[in-house]
Amino acid sequence: MNLEEKQKSFPITKEQVWESFKLVKAKGGAAGVDGITVNGIAVNPRKHLYPVWNRLASGSYIPPAVRRVEIPKRDGGIRLLGIPTVADRVAQMVIAKELEEIVDRRFSPSSFGYRPNKSAHEAIEQARENCWRYPWVIDVDIKGFFDNIDHRLLIRAVRKFTDKKHIILYVKRWLKAPIQLKDGTQIQNLEKGTPQGGVISPLLANIFLHFVFDKWMEENFSNNPFERYADDIIIHAKNEPEARHLLKSLRARFERCKLELHPEKTKLVYCNRKGRRKRKEARERQFDFLGYTFRSRSVKTKDGALIFGFSPSISRKSTQRIVEEGRRLRLHRWTHLDIVGLSNMLRSKILGWLHYYGKFHKSAMKVAFRNLNRRLVKWTFNKYKRFKRSKALRPARLWLRQVAKDFPYLFPMWQHGFTP
């Protein structure tokens, strides 16, 4: 096949497709409806990626169906994820990177989600600082956000950033890509929603909420700071009447944009701390944001003194998620490994938890790591016969405690004082 094609309709290069594939490969992920994995494409990239480039550049690319996956929620509901094919994720990455270069510099500095050089920790830190400055918080929850984004309004928002025909063309096609259900039947998506799981979906969500929320807040409530990470939103207010007025205006704004605030999960929270009077009428005194719970607690000042403050720590849901992961792994049954091998298998997970949830009020992770240490004690009991003779876990715990004292670097949480 001759790679020196004639002039294409759209300025998309083979280099863009290849760089996008490398990004998709680094992220990994499951196969789509065609069953082709990332490794399957990596074995023969020319066979799979050349058609992607050829069709993208000529305007003839039609997205295949998105495989729907149902993920159970903790509250009993179901989160619907859409898994595009790997080749389609590459195509989405090409357009997403080009669109991101246009839009990102115009986004609000208080928008943190899925943006280069922005992180969840920055959003949490800003929320922490604002909770000390402002007594009231509006914890905003958008009901079924990704499932209810209006296509017409979204395209209008994209057009305000760019008039590039190929970007608008392919965004429209991805929004209307068919969805393949578990039984193999396909349904057409015509009016609303963008599948969670698509490469371009987070960027489109940011574009939509930039106009629906960020810009609207800056124009109408510029004195009320906020933090937004995708559709997770926290707004700060000086007093309760101001917070209630803002919430009422926000509900009306979202209704005009064909979205709805969750009637139960959206709430007003009073941030009680030293120097603020207690308000018995305030029912809500804590909120969750990005895996952390913000509430009143004792905090250390720079000079080491303890004061009554309002700050974040790992949430109960996040703690339970770590506990359930330990239960799912059944690591106490990994008796074919020695303790060094067990450490190597768990190190990356533990470091990930410490890096994310240990950023603020690390000591609150003691419950999660206490459970993990219990499983390590059970592993010790099952691994060594001499402990089974006693028919009690205490000798195994004492042995593991001594190992933690002699080799604290064996498991990352031991270095931070979370020992058996």
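Data block above holds the structure.
My aim in this report is to walk through the structure given alongside it, one point at a time. Quick caveat: nothing in here was measured; it's all calculated off a predicted structure. (Residues numbered from 1 in each chain as written. Predicted model: local features only at pLDDT ≥ 70, side-chain atom pairs only at ≥ 80, totals over all residues. Heavy atoms only, no water.)

Okay, the overall build of the protein chain next. Each helix and strand counted, the protein chain has 15 helices and 11 strands in total. Principal-axis analysis of the C-alpha atoms gives the protein chain an extent of 75 × 60 × 40 Å. The proportion of buried residues among the 420 residues of the protein chain is 49%. Sequence-distant contacts in the protein chain: of pairs separated by 6 or more residues, those separated by 24 or more amount to 68%. When the accessible surface of the protein chain is totalled, it reaches about 22400 Å², and 50% of it is carbon and sulfur. Averaging the coordinates of the 84 positive side-chain charges in the protein chain and doing the same for the 41 negative ones gives two points 8 Å apart. (Helix = DSSP H or I, 4+ residues; strand = E, 2+ residues; numbered from the N terminus. Buried < 20%, exposed > 50% of the residue type's maximum accessible area, 1.4 Å probe, protein only. Contact = heavy atoms within 4.5 Å. Areas by Shrake-Rupley, 256 points an atom, 1.4 Å probe, with all protein chains shown as cover. Lys, Arg positive; Asp, Glu negative; His and termini not counted. Charge placed at Lys NZ, Arg CZ, Asp CG, Glu CD.)

What follows concerns the packing of aromatic side chains. Counting across every chain of the model gives 26 aromatic pairs. Ring centres 5.3 Å apart and planes at 55° place the aromatic pair Phe-161 and Phe-211 in the tilted group. Note that Phe-161 is positioned in helix 7 (residues 151-161) and Phe-211 in helix 9 (residues 201-220), a separation of 50 residues in sequence. Given a relative accessible area of 7%, Phe-161 falls into the buried group. An aromatic cluster is built from Phe-10, Tyr-61, Tyr-170 and Trp-174, whose rings are joined through pairwise contacts. Lys-14 extends its terminal NZ or CZ atom over the ring of Trp-53, reaching a point 4.5 Å from the ring centre. Between Arg-46 and the ring centre of Tyr-50, over which it is positioned, the NZ or CZ distance is 5.9 Å. (Phe/Tyr/Trp six-rings, centres within 6.5 Å; stacked < 30°, edge-to-face > 60°. Lys NZ or Arg CZ within 6 Å of the ring centre and 35° of its normal.)

This paragraph deals with the packing of helix 7 against helix 9. It is the contact of helix 7 with helix 9, at a shortest axis distance of 9 Å, that shows an interaxial angle of 85°. Relative to helix 9, the element helix 7 is oriented roughly perpendicular. In this structure, helix 7 contributes Leu-153, Leu-154, Ala-157, Val-158, Lys-160 and Phe-161 to the contact, and helix 9 contributes Leu-204, Ile-207, Phe-208, His-210 and Phe-211. Classifying every residue of the contact of helix 7 with helix 9 gives 9 nonpolar, 1 polar and 1 charged. (Axes fitted to C-alpha atoms, helices over the stretch in contact; angles between N-to-C directions. Parallel < 35°, antiparallel > 145°, perpendicular 65-115°, else oblique. Nonpolar A, V, L, I, M, F, W, Y, C, P; charged D, E, K, R; others polar.)

Ile-142, Phe-145, Ile-207, Phe-213, Ile-235 and Phe-254 are the most contacted members of the largest nonpolar core, which has 72 residues in total. With near-sequence residues (within four places) excluded, Ile-235 lies in contact with Trp-136, Val-137, Ile-138, Val-140, Phe-213, Met-217, Asn-224, Pro-225, Phe-226, Leu-246 and Leu-250. In terms of nonpolar packing, the next biggest core, distinct from the first, is built from 49 residues, Ala-123, Ile-314, Tyr-357 and Phe-360 among them. (Core = buried A, V, L, I, M, F, W, Y, C linked by side-chain atoms within 4.5 Å.)

The next point concerns the packing of helix 11 (residues 316-329) against helix 13 (residues 366-383). Contact geometry for helix 11 and helix 13: axes closest at 9 Å, N-to-C directions at 10°. With respect to each other, helix 11 and helix 13 are oriented roughly parallel. Facing helix 11, whose interface residues are Thr-319, Ile-322, Val-323, Gly-326 and Arg-327, helix 13 presents Val-367, Ala-368, Asn-371 and Arg-375.

Moving on, we get to the sheet that holds strand 8 (residues 267-270). Overall, antiparallel pairing links the 4 strands, which are arranged 6-7-3-8 in an open sheet. On the outer flanks of this sheet lie strand 6 (226-229) and strand 8, each paired with one strand and no other. Going from strand to strand, the sheet's axes swing by 20° on average, the running direction of each strand aside. As paired strands, strand 3 (residues 136-141) and strand 8 are joined by 4 bridges and run antiparallel to one another. Its bridge partner being in strand 8, Asp-139 is matched across the sheet by Lys-267. Packing of helix 9 onto the sheet brings it into contact with strand 6 and strand 7 (232-237), and relative to strand 6 it is tilted by some 175°. Sheet contacts for helix 10 (residues 240-256): strand 3, strand 7 and strand 8; angle to strand 3, the most-contacted strand, approximately 20°. (Pairing = 2+ DSSP bridges.)

Pairing is mixed in the open sheet, where 4 strands are placed in the order 2-1-4-5. Single-partner strands in this sheet number two, and they are strand 2 (78-83) and strand 5 (186-187). When strand 4 (residues 179-180) meets strand 5, the two strands line up antiparallel, connected through 2 bridges. Bridge pairing links Gln-180 to Gln-186 in strand 5.

Mapping Ser-296 onto the fold places it in strand 10 (residues 292-300). Overall, the relative accessible area of 17% leaves Ser-296 in the buried class. A polar atom in the side chain of Ser-296 sits 2.6 Å from the backbone oxygen of Asn-272. Once residues lying within four places of it in the same chain are set aside, the contact partners of Ser-296 are Asn-272, Phe-308, Gly-309 and Phe-310. (Polar contact = N/O pair within 3.5 Å; in protein donor to acceptor, adjacent residues only side chain to side chain.)

Attention now goes to the pattern of salt bridges. As enumerated under the stated definition, the model contains 10 salt bridges in all. When the shortest N-O distance is used, the salt bridge between Glu-125 and Arg-128 registers 2.8 Å. With Glu-125 and Arg-128 both in helix 5 (residues 120-133), this residue pair falls 3 residues apart, about one helical turn. A residue is classified by how much of its surface remains accessible, and Glu-125, at 23% relative accessible area, is partly exposed. In this structure, Arg-328 and Glu-325 form a salt bridge, with 2.7 Å as the shortest nitrogen-oxygen distance. Placement of both Arg-328 and Glu-325 in helix 11 is noted, with a separation of 3 residues, approximately one turn of the helix. Judged by its relative accessible area of 55%, Arg-328 is exposed. (Salt bridge = Lys/Arg side-chain N within 4 Å of Asp/Glu carboxyl O.)

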